[in-house]
Amino acid sequence: SVLYTPAPLKQPIGKPYLLCTHVVLYVNPSILHPLSVLYTPARVEKPFIVLTEDEKWELHVPQATCDFTSGPALDASTGDQRDFAKVKVCKMRSDDKDPLDVVAYNTLDAEDERITTDLQSALDDGKDLVLCPGTFYLTKTLVVRFPNQVILGLGLSTLIAPQDGSPCIRVLANKPGVTIAGITVEGSMQKKSPTMISNFMGSTNSDGVRSLIDFGEPGKEDPGDPKNPGALIDIFARVGGVNLEREKVSTDILIRIHSGNVIGDNLWLWRADHCQLRPNELPNNPKLPLYWQVRSGECGVKTALDVKGNDVHMYGLFCEHTTEHQMICEFFPASCFTILTTFSIFLHKLVS
């Protein structure tokens with residue numbers, strides 16, 4: 001692995017170099033060269049689908065490695081080969097909801113409940129999930145109860161969180177080797193006094209903190225397994241952007257990691273800084289003629305990533321626009337190779 005200092009670096013010695021509006025690096029010309037990372041933490045490649053020579057579908061799940069590799073062994077010599085008899089292929093609802101229809105987009109119905117129940121039933125049967133492209137409106141959290149299970153999205157499948165603050169996905173404590181990959185998780189409009197969706201509630205986090213993914217459980221000891229780490233790969237978390245109810249769509253923390261020995265690879269955690277315009281709505285910033293620039297009190301997210309587990313390593317972490325903390329890491333050892341963080345544009349204008 002190789003780390004590079006930002007380029008071009010032309011600031012005088014001791015002067016701050018601003019990266020993405022607020023990450024401050026102090027430049028020293030004596031270190032303007034590649035930095036070799038001698039210790040390589042474990043890495044996990046993304047699961048992938050294979051059509052065999054005898055025309056059978058398999059899900060290949062690469063093993064964790066500490067070797068210097070540039071991708072998985074496509075011959076499956078270093079991974080698990082799983083027959084599709086133990087894989088649930090999941091399709092979105094046939095009549096997708098139009099975000100411009102605010103009421104329909106934010107109303108959960110029997111079809112959403114059926115799809116959520118089907119997904120959970122497959123997980124409870126010990127199956128892996130492969131999500132087809134599209135949007136899944138969850139009525140309850142998807143709970144991963146078994147070690148080594150996989151949730152793999154194709155075409156960046158989108159899971160919209162339940163409307164009571166529950167996460168899209170919760171991995172129970174002491175379930176090593178779970179991999180979640182290739183999905184977008186999206187915050188929903190929060191309904192504090194649910195009426196039509198009252199039967200769909202009941203999967204909130206035990207500590208009352210709202211999130212989009214919980215890897216592990218609050219307050220439960222879970223050191224993980226260094227030889228079989230959990231993995232979050234190609235995960236995009238967002239609050240705002242599409243949902244026009246920007247004052248009501250929110251969460252507290254985008255992703256929380258309570259378990260130890262978890263690897264993140266390419267995580268983009270985004271509180272919207274701009275949103276789709278409502279019908280006939282004028283932009284509030286002439287420099288953004290096609291969008292609404294998010295203001296305080298809209299698309300609320302306090303923290304992008306909260307890490308409470310030991311031995312958590314990130315390869316490509318991007319945290320943007322949250323209102324309190326970009327990232328909290330309470331336990332060590334931990335590492336992050338490539339990080340980008342960005343203050344909200346509104347906050348930047350307040351302090352400038």
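In the block above lies the structure referred to throughout.
The structure displayed is predicted, hence computed values, not measured ones.

Asker: Could you give an account of the sheet that holds strand β23 (residues 325-329), with specific residues and numbers?
Answerer: One open sheet holds the six strands; their spatial order is β11-β13-β15-β17-β21-β23, and the pairing between them is parallel. What marks the edges here is a single partner per strand, and that holds for β11 (142-144) and β23. Strand-to-strand twist of the sheet, defined as the mean angle between neighbouring strand axes without regard to direction, takes the value 10 degrees. Relative to strand β17 (residues 253-257), strand β15 (residues 211-215) runs parallel, the two sharing four bridges. Residue serine 211 lies in a different strand from β17, and its bridge partner there is isoleucine 253.

Asker: Can you break down the pattern of salt bridges residue by residue, with the values?
Answerer: Scanning all chains against the criterion turns up 19 salt bridges. Here arginine 93 makes a salt bridge to aspartate 95, at a shortest N to O gap of 3.2 Å. The residue arginine 114 makes a salt bridge to aspartate 118 at a minimum N-O spacing of 2.9 Å. Residue arginine 114 and its partner aspartate 118 are located together in helix α2 (residues 110-124), separated by four residues, close to a single helical turn. Overall, the relative accessible area of 42% leaves arginine 114 in the partly exposed class.

Asker: Mind laying out the sheet that holds strand β7 (residues 79-83), listing which residues take part and the relevant values?
Answerer: Pairing is antiparallel in the open sheet, where three strands are placed in the order β5-β6-β7. The sheet terminates laterally at β5 (48-51) and β7, the two strands that pair on one side only. Neighbour to neighbour, the strand axes of the sheet diverge by 30 degrees on average, direction disregarded. Bridge count for β5 against strand β6 (residues 57-62) is four bridges, and the pairing is antiparallel. Across the sheet, residue valine 50 finds its bridge partner in β6, namely glutamate 58.

Asker: Residues and numbers for the nonpolar core, please.
Answerer: Ranked by internal contacts, the top residues of the largest apolar core, which has 50 residues, are Leu159, Ile169, Ile257 and Leu269. Non-local contacts of leucine 269, meaning those with residues more than four positions away in its chain, are made with Ala237, Leu254, Ile255, Ala304, Leu305, Leu317, Phe318, Cys319 and Glu320. Ranked by size, the runner-up nonpolar core spans 13 residues in total, among them Val61, Val130, Ile233 and Ile263.

Asker: Hey, could you go over the packing of aromatic side chains for me, with residue numbers and the actual values?
Answerer: The final tally for this structure, using the stated rule, is three aromatic pairs. Taken together, a centroid distance of 5.9 Å and an interplanar angle of 70 degrees make the contact between phenylalanine 236 and tryptophan 268 edge-to-face. Of the two residues, phenylalanine 236 sits in strand β16 (residues 230-239) while tryptophan 268 sits in strand β18 (residues 262-271), which places them 32 residues apart along the sequence. In this structure tryptophan 268 comes out as partly exposed when scored by relative accessible area, which is 28%. Centroid distance tryptophan 268 to tryptophan 270: 5.4 Å. Interplanar angle 25 degrees. Geometry classified as stacked. The class of tryptophan 270 is buried, set by a relative accessible area of 8%.

Asker: Describe in detail α2, supporting the description with residues and values.
Answerer: Spanning 15 residues, α2 covers 21 Å between terminal C-alpha atoms, matching the ideal 21 Å at 1.5 Å per step. For α2, the full list of buried residues reads Asp112, Ile115, Thr116, Leu119, Gln120, Ala122 and Leu123. Down the axis of α2, the buried side of the element spans an arc of 160 degrees, and every buried residue falls inside it. Between the side-chain oxygen of the N-cap and the backbone nitrogen of glutamate 111 there are 3.1 Å, and the N-cap of α2 in question is aspartate 109. One or two steps after α2, the chain reaches glycine 126, where phi turns positive at roughly 85 degrees.

Asker: Any details on the environment of glycine 300? Residues and values, ideally.
Answerer: Tracing the sequence through the fold places glycine 300 in the loop between β20 (291-293) and β21 (303-307). Sequence separation between glycine 300 and valine 239 is 61 residues; the distance between their C-alpha atoms is 7.4 Å. Ignoring sequence-local partners within four residues, the contact set of glycine 300 consists of Val239, Val249, Ser250, Thr251 and Arg271.

Rules used in this analysis
- Residues numbered from 1 in each chain as written.
- Predicted model: local features only at pLDDT ≥ 70, side-chain atom pairs only at ≥ 80, totals over all residues.
- Heavy atoms only, no water.
- Pairing = 2+ DSSP bridges.
- Helix = DSSP H or I, 4+ residues; strand = E, 2+ residues; numbered from the N terminus.
- Axes fitted to C-alpha atoms, helices over the stretch in contact; angles between N-to-C directions.
- Salt bridge = Lys/Arg side-chain N within 4 Å of Asp/Glu carboxyl O.
- Buried < 20%, exposed > 50% of the residue type's maximum accessible area, 1.4 Å probe, protein only.
- Core = buried A, V, L, I, M, F, W, Y, C linked by side-chain atoms within 4.5 Å.
- Contact = heavy atoms within 4.5 Å.
- Phe/Tyr/Trp six-rings, centres within 6.5 Å; stacked < 30°, edge-to-face > 60°.
- Expected span 1.5 Å × (residues − 1).
- Arc of directions from axis to C-beta.
- Polar contact = N/O pair within 3.5 Å; in protein donor to acceptor, adjacent residues only side chain to side chain.

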